[in-house]
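Listed here are the chains, written in short residue letters.
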Amino acid sequence: MAMVLDAFVNTFIKTLADLIQDRVVMMAEVDDELQKLKESLETIICLLKDAERKKIQDSAINSWVRKLKDVMYEADDIIDLCKAEDGRLAEEEPPSTSLGQRMIRGAEIDHGQATERAELEPMLRRAIEGKSVFLVLDDVWRADVWVNLLRTPLSSAMAIRRILITTRDRKIANQMGAVHIHNVKLLREDEGWELLCRSASLHRKKDIQDLRDIGIGIVRKCHGLPLAIKTMGGVLITKEISRREWENVLDNDAWTMSKLPEELKGALYLSYEDLPSHLKQCFLYFALFPEDYEFPQEDLVRLWVAEGFIENEGSKLLEDTAKEYYTEFIRRSILQPNPGFESIQISKVHDLLRSLAQFLAEDECTYGNAREIKFPTKQKLRRLSMTEEGNVATIPEVVSRQNCLRTVMLFRSPTTVLNESLVRLRCLRCLSLRGTATRSIPNSIGNLIHLRSLDLCSTSVSRLPETIGQLTNLQVLDLRFCKHLCTLPQGITRLCNLRCLDLFMAPLEHLPAGIMKLKQLNFLSGFVIGERGNVGNRMLSVCDLEELKYLDRLRHLRLDRLERCFSNGTSLLLNKSLLQRLRLSCSSAVQRQYSEEEMNQIQHVFDNLKPPPGLDDLIIVGFFSRKNPSWMQSSSLATCFPCLTCLTLTNFASCLQLPPLGELPHLQYLKIIGANSVLSIGPEFLGDDAATSTVFFPELKSLIIAKMPNWEEWSLHRGGGGGGGEVEEEIAAAPERPLLLLPNLETLILGKCPKLRSLPQGLLDHATKLRSLFIEGANELKAVENLPSLSGLLQTKDCPSLERISNLGAHGTLDIIGCPSLVCVAKVDTLKRLQMRDAAMERLPEWLLGLVHHPNNSLVVVVVCDVRLLERCIRGGEDWHIVQQIPAVSLYADTDRGSRYVHYNKEPVSYNTNFSTES
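What you see is a predicted model; the values in this text were computed from it and never measured.

Reading guide: rules and limits
- Residues numbered from 1 in each chain as written.
- Predicted model: local features only at pLDDT ≥ 70, side-chain atom pairs only at ≥ 80, totals over all residues.
- Heavy atoms only, no water.
- Helix = DSSP H or I, 4+ residues; strand = E, 2+ residues; numbered from the N terminus.
- Buried < 20%, exposed > 50% of the residue type's maximum accessible area, 1.4 Å probe, protein only.
- Areas by Shrake-Rupley, 256 points an atom, 1.4 Å probe, with all protein chains shown as cover.
- Axes fitted to C-alpha atoms, helices over the stretch in contact; angles between N-to-C directions.
- Left-handed = near helix turned anticlockwise from the far one by under 90°.
- Contact = heavy atoms within 4.5 Å.
- Nonpolar A, V, L, I, M, F, W, Y, C, P; charged D, E, K, R; others polar.
- 1 Å grid on protein atoms, 1.4 Å probe; cavity = no way out; pocket = protein on both sides within 12 Å on 5 of 7 lines; lining within 4 Å.
- Points joined across faces, edges and corners; volume = space filled by probe spheres on them.
- Parallel < 35°, antiparallel > 145°, perpendicular 65-115°, else oblique.
- Pairing = 2+ DSSP bridges.
- pLDDT = per-residue confidence, 0-100.
- Patch = residues over 30% accessible without salt bridge, like charges linked within 9 Å, V, L, I, M, F, W, Y side chains within 5 Å.
- Salt bridge = Lys/Arg side-chain N within 4 Å of Asp/Glu carboxyl O.
- Phe/Tyr/Trp six-rings, centres within 6.5 Å; stacked < 30°, edge-to-face > 60°.

### A look at the overall build of the protein chain
Okay, step 1: When its secondary structure is counted, the protein chain shows 27 helices and 39 strands.
Okay, step 2: Of all 919 residues assigned to the protein chain, the portion counted as buried reaches 52%.
Okay, step 3: Carbon and sulfur atoms make up 51% of the accessible area of the protein chain, which amounts to about 42,300 Å² in all.

Below is the structure:
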């Protein structure tokens, strides 16, 4: 990422203002000089934004800007040293082959430590042997990924292969031997205008009519390219809906910047130019990441904060402001959320926008293989991101000598980093060794006094040196998945500016006493309750739960090993008004029998951990008392948790009933797993006001109930028992208060509930927005019927007693896996896709005839079956008369000679198979 001068200087001025009042500065008697520097910068700041823009076209301005940036970086480092000295005084006072690896992993085969082509090829061949393979190679730039790596194992394996590639270079497609090449057409003007309206959130007919001529002009300047049109929509969405604002965009001279690479001109550059300065810095940071990298929101937020890109907005947390930046990038169509996730927590940036960031930041940062990067000798490199394929990664000598690197990241590297390389990087602020084989951190890490972020996630580090306590500027310490790290040094309690300590899945036995001194912490995952004891002749200094009292800024907190805790009768969390996400965890074994004393003790501990009312996300794991925590039994649960949107209850092994969650006003995601002692779910689940309230789970979108081995009955009716009957009829006949039950439920997942006999009538009647229903391992379930609102997917898996599926309404897909007793599928006239997977299936079910006799011309049937059924379905086979009546059908079976298939399409007629009776 390159410095954006006006944004950097603006932040620098604020830092100077604070520093002028600092006692170290006053003691050194340089406050007057700093005041003059501040005033000079305030005078020139208005010129800097224009200079940043003109440097692309004017080499003289570019040279001036580069020199000014060097001066600003050096000044920033000097000020950092002053602040570090102030902190020290205060402390003295009392209190490619990776593609093959990914394909092998995708086939659920462990590639171990194999990295060489000769090792991976036979493993890849075995991974796909006898399977149907549909391989997508997206945005291919070099044909050798196919020619030198994938072609041989894919061609020699007995597999059905379909390979789809996308590339911008037709020569690549020819070199890879493409049988059919499809040239993607540019959008027509009307299609481009429609996309622009959607991207700019232009919905009113009057606005669409009034702005059409200007919008068509913008579409023409985008030359029919969908990405360019979407990014322009991202620009327009931030503007007032008026002809004047849209004309400003159409007439912007950024369209005509001539010194840019051809593919980056016009709309893409304009989308960058339209960003405010603070967002430009964050955008240029995308240059440091691999192509198609999926950004977790949490990681970007931490890095942006550590780099100093986030503007301070008074009492507002920097992380909250950074999340707003992230959301703004999504609104502008610069970041694309991963549709596989419910929220926007994971996203990608298009490779052309990434290329734009790399072009604009090339004088200060670089990304690539360390052996191939051409490092600048005149410009000073500030940020380095490497993909190293050797055993040891080293910082190149030319870069080390400059001694001005601020950021070092390693990607896709099973390597370690030479300690000597790190020692010399005295200006380093962000260091990421994530996923490397690094086993130790040198004592000299303490010399990196500017360091803000240290990412050791998924490394083999087994200990941290005591000198880590010298990193008083450190804000982020990421130790997730450090599976060999069992203790933390006492020095960690001296990290007075630490904002994030992430210890998720690190097997720590305890935290050192003194965590309460980390007053800036707002993210603490992995607060392990330790057991006091002796090490040699000294008492072990262990952090206890009481230290939480002093951490007032916490937004995210995870408490582990709570079974070790002894309650003192005080509430530790209730006053933490900023807390939004909380996980309370016991490391209890599900099968263990607990004594009354143990259950009473854990009950008291949880009773005194009542969360604050502002909580958004709550997870409880391994709670083993018979009763729910007192604050979850409350008749005023809705007022206790007015903001709660996500709730997960896992391994409630001893609780006899579920808490009354139905009246939580904003709960959207509910997951209940492993409530082993629950026999039935009834009105108690709705809430204490079940007899009088008219709406339950008003905003719930997703409900998951799984691993409930003893759950038999489910009723969601007031005053009712389990599963329907007279009580339900009586309620239905009393219409004075209409009941709203799960009115916004979209997804329901029931997994491994072997004794559940039926679905509740109320659920199916009231969940009018239900789109997806997944049922697995319901051994006693006999029928799934009357789902008039189910519009997406119904999947039943391993339900051996299931006999009937009927009345699915306007339904999309029915997926049946391992349900051998199913004898009736009826009233599914609008079914679009039927999938049946059962290796023991020997003939097509009789009920399939009933489906194909209906006038449903769009039904697609996919069957994975035994080879004997495949033989019945070939032309002239015993079931051929059924196959002929299905609009489209594909059947697959595995044999000792590989996968065999039959494909048939009714209109236009086509038939294809690789099966013969001889095979």
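Still to come is the rest of the account.
### Comments concerning the packing of helix α9 (residues 189–199) against helix α12 (residues 226–236)
Okay, step 1: Interaxial distance between α9 and α12 falls to 8 Å at its minimum, and their mutual angle equals 35°. The way α9 lies across α12 gives a crossing that is right-handed. Every residue of α12 that contacts α9 at Gly192, Leu195, Leu196 and Ser199 is listed here: Pro226, Ile229, Lys230, Met232, Gly233, Gly234 and Leu236.
Okay, step 2: When the residues that make up the contact of α9 with α12 are grouped by side-chain class, the tally is six nonpolar, four polar and one charged.

### Digging into empty space enclosed by the protein
Okay, step 1: Roughly 190 Å³ of volume is contained in the largest cavity.
Okay, step 2: Taken together, 15 residues form the lining of the largest cavity, with Glu298, Lys323, Asn522, Phe523 and Arg555 sitting closest to its centre.
Okay, step 3: Breaking the lining of the largest cavity down by element, the ones donating at least two residues are α16 (297–307) and α17 (318–331).
Okay, step 4: Tallied by class, residues from the lining of the largest cavity come to five nonpolar, three polar and seven charged.

### A word on the packing of α16 against α17
Okay, step 1: Interaxial distance between α16 and α17 falls to 9 Å at its minimum, and their mutual angle equals 120°. Here α16 lies oblique to α17, going by the angle between them. In the crossing of α16 with α17, the sense of the turn from one axis to the other is right-handed. Where α16 approaches α17, its residues Gln297, Glu298, Leu300, Val301, Trp304 and Val305 are matched on the opposing element by Leu318, Glu319, Ala322, Lys323, Tyr325, Tyr326 and Phe329.

### Thoughts on the sheet that holds strand β32 (residues 804–806)
Okay, step 1: Spatial ordering of the open sheet is given by β30-β32-β34, a layout of three strands whose pairing is parallel. Two strands lie at the open edges of the sheet, namely β30 (783–785) and β34 (824–826), each paired on one side alone. The sheet shows a mean angle of 0° between the axes of neighbouring strands, direction not considered.
Okay, step 2: Here three bridges tie β32 to β34, and the two strands are oriented parallel to one another. Directly across from Ile805, in β34, lies its bridge partner Val825.

### Thoughts on the confidence of the model for the protein chain
As a note on interpretation, predicted positions should not be read in detail where pLDDT is low.
Okay, step 1: Per-residue pLDDT for the protein chain averages 82, and the proportion of residues at 70 or more is 79%.
Okay, step 2: For residues 720–736, every residue scores under 50 in pLDDT, and the model assigns this stretch 16 contacts once sequence neighbours within four places are set aside.

### A closer look at a nonpolar patch on the surface
Okay, step 1: Judged by side-chain polarity, Phe134, Val136 and Leu164 come together as a nonpolar surface patch covering roughly 300 Å² of accessible area.
Okay, step 2: With respect to the helices, strands and loops of the structure, Phe134 is situated in strand β1 (residues 132–137).
Okay, step 3: Judged by relative accessible area, which is 60%, Phe134 ranks as exposed.

### A short note on unusual backbone geometry
Okay, step 1: For the bond from Glu907 to Pro908, the omega torsion is -10°, close enough to zero to count as cis.
Okay, step 2: Positionally, Pro908 belongs in the loop between β38 (898–905) and β39 (910–913).

### Comments concerning the sheet that holds strand β5 (residues 346–349)
Within a sheet, each strand pairs with its neighbour through backbone hydrogen bonds, oriented either parallel or antiparallel.
Okay, step 1: Read from one edge of the open sheet, three strands run β3-β5-β4, paired in antiparallel fashion. Each edge of the open sheet is held by one strand with a lone partner, namely β3 (295–296) and β4 (335–337).
Okay, step 2: The pairing of β4 with β5 spans three bridges and is classified as antiparallel. Residue pairing for β5: Pro337 is matched across the bridge by Ser347.

### Side note on the side chain of Glu245
Okay, step 1: The topology assignment puts Glu245 in helix α13 (residues 243–250).
Okay, step 2: When its relative accessible area of 18% is taken as the criterion, Glu245 is described as buried.
Okay, step 3: When residues no more than four places from it in sequence are discounted, the contact partners of Glu245 are Lys239 and Glu240.

### Quick notes on the pattern of salt bridges
Charged atoms that come close allow side chains of opposite charge to pair.
Okay, step 1: In the structure shown here, the tally under the stated rule is 44 salt bridges.
Okay, step 2: Of the charged contacts in the structure, one is a salt bridge between Glu194 and Arg198, with a shortest N-O distance of 3.4 Å. In this pair, Glu194 and Arg198 both sit in helix α9, four residues apart, roughly one turn of the helix.
Okay, step 3: The class of Glu194 is partly exposed, set by a relative accessible area of 47%.

### Re the pairing of strand β22 (residues 669–673)
When a strand is regular, its side chains alternate between the sheet's two faces.
Okay, step 1: Note that strand β21 (residues 646–650) and β22 share five bridges and pair parallel. Along β22, the bridge assignment pairs Cys646 with Tyr669.
Okay, step 2: The pairing of β22 with strand β25 (residues 702–706) spans five bridges and is classified as parallel. Across the sheet, Lys671 pairs through a bridge with Ile704, a residue of β25.

### Topic: the packing of aromatic side chains
Okay, step 1: Applying the stated criterion across every chain yields a total of 24 aromatic pairs.
Okay, step 2: Note on Tyr285 and Phe309: the rings are 5.6 Å apart at their centroids and 80° apart in plane angle, and the pair reads as edge-to-face. A residue pair is termed long-range when its members are at least 10 positions apart, and Tyr285 in the loop between α15 (277–284) and β3 and Phe309 in the loop between α16 and α17 qualify at 24 residues.
Okay, step 3: On the accessibility criterion, Phe309 (4% relative accessible area) is buried.
Okay, step 4: Ring plane angle 35° and centroid distance 5.2 Å describe the contact between Phe289 and Tyr293, whose orientation is recorded as tilted.

### Concerning the environment of Ser458
Okay, step 1: Here Ser458 lies in the loop between β12 (453–455) and β13 (476–478).
Okay, step 2: Counting along the chain gives 21 residues from Ser458 to Ala437, while the straight-line C-alpha distance between them is 8.5 Å.
Okay, step 3: Sequence-distant contacts of Ser458, defined by excluding residues within four places in its chain, comprise Gly435, Thr436, Arg480, Phe481 and Cys482.

### A closer look at the environment of Leu814
Okay, step 1: As for its placement among the helices and strands, Leu814 is situated in strand β33 (residues 813–817).
Okay, step 2: For Leu814 and Leu793, which are 21 residues apart along the polypeptide, the C-alpha to C-alpha distance reads 6.0 Å.
Okay, step 3: Among all residues touching Leu814, those that are not within four sequence positions of it are Leu794, Ile805, Val825, Leu831, Arg833, Leu834 and Gln835.

### Notes on the environment of His604
Okay, step 1: Structurally, the position occupied by His604 is in helix α21 (residues 596–607).
Okay, step 2: Residue His604 is classed as partly exposed on the basis of its relative accessible area, which comes to 46%.
Okay, step 3: With 38 residues separating them in the primary sequence, His604 and Phe566 have C-alpha atoms 8.4 Å apart.

### Some details on α16
Okay, step 1: A large share of α16 lies buried, amounting to eleven of its eleven residues.
Okay, step 2: The complete set of buried residues in α16 reads Gln297, Glu298, Asp299, Leu300, Val301, Arg302, Leu303, Trp304, Val305, Ala306 and Glu307.
Okay, step 3: Where α16 ends, the next residue or the one after it, Gly308, has phi of about 85°, a positive value.

### What to know about helix α11 (residues 212–221)
Okay, step 1: Those residues of α11 lying buried are Ile214, Gly215, Ile216, Gly217, Ile218 and Val219.
Okay, step 2: On the buried face of α11, the contacting elements are α9, α12 and α13.
Okay, step 3: Looking one or two residues beyond α11, the residue adopting positive phi is His223, at roughly 55°.

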